[in-house]
Amino acid sequence: MDVFEMLPLYQDPWFTFRFAEDRLVPRFHLEGVPAGQRVSVFSIDPGTGERLGLLATETVGSGGWVDLTEPIIVRAGDVFIAVPELG
């Protein structure tokens, strides 16, 4: 019997974080992103998905954790995305 790996029809090249309540975000986890890879963090409009501004540029650490130099302050309803650099 042949085993086939299932491939998604579509996958965003970034990670999206949405918040239901106010919070301070000092770190976040990116599943499957290797340590040493650079990542850019952008605030986006929750309705349109339009990028509003660069919040941080950091390096992924051990186990896929990104420790921010300065924590991100988010309010209920805020959204940010983390975009790993290609290459």
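Just above sits the structure.
The model shown is predicted, which means the values in this text are computed figures rather than measured ones.

Digging into the overall build of the protein
Right, on to step 1. Along the protein, the regular secondary structure elements total zero helices and six strands.
Right, on to step 2. Its helices and strands in sequence order give the protein the pattern β-β-β-β-β-β, from N to C terminus.
Right, on to step 3. For the protein, the proportion of its 87 residues judged to be buried stands at 29%.
Right, on to step 4. For the protein, the accessible surface area stands at approximately 6300 Å², while carbon and sulfur atoms represent 55% of it.

Quick notes on the pattern of salt bridges
Where charged atoms from two side chains of opposite charge approach closely, those side chains can pair.
Right, on to step 1. The full count for this structure, using the stated rule, is three salt bridges.
Right, on to step 2. The salt bridge partner of D22 is R75, with a shortest N-O separation of 4.0 Å. Placement of the pair is D22 in the loop between β1 (15-18) and β2 (23-29) and R75 in the loop between β5 (65-74) and β6 (79-84), with a sequence separation of 53 residues.

Brief notes about the sheet that holds strand β3 (residues 38-44)
Right, on to step 1. As summarised here, the arrangement of the four strands in space is β1-β6-β3-β4, forming an open sheet in which the pairing is antiparallel. Because the sheet does not close on itself, it has two edges, and the strands there are β1 and β4 (51-59). Looking at each pair of strands side by side, their axes are set apart by 25° on average, direction ignored.
Right, on to step 2. As paired strands, β1 and β6 are joined by four bridges and run antiparallel to one another. What sits directly across from F17, in β6, is F80.

Thresholds applied
- Residues numbered from 1 in each chain as written.
- Predicted model: local features only at pLDDT ≥ 70, side-chain atom pairs only at ≥ 80, totals over all residues.
- Heavy atoms only, no water.
- Helix = DSSP H or I, 4+ residues; strand = E, 2+ residues; numbered from the N terminus.
- Buried < 20%, exposed > 50% of the residue type's maximum accessible area, 1.4 Å probe, protein only.
- Areas by Shrake-Rupley, 256 points an atom, 1.4 Å probe, with all protein chains shown as cover.
- Salt bridge = Lys/Arg side-chain N within 4 Å of Asp/Glu carboxyl O.
- Pairing = 2+ DSSP bridges.
- Axes fitted to C-alpha atoms, helices over the stretch in contact; angles between N-to-C directions.

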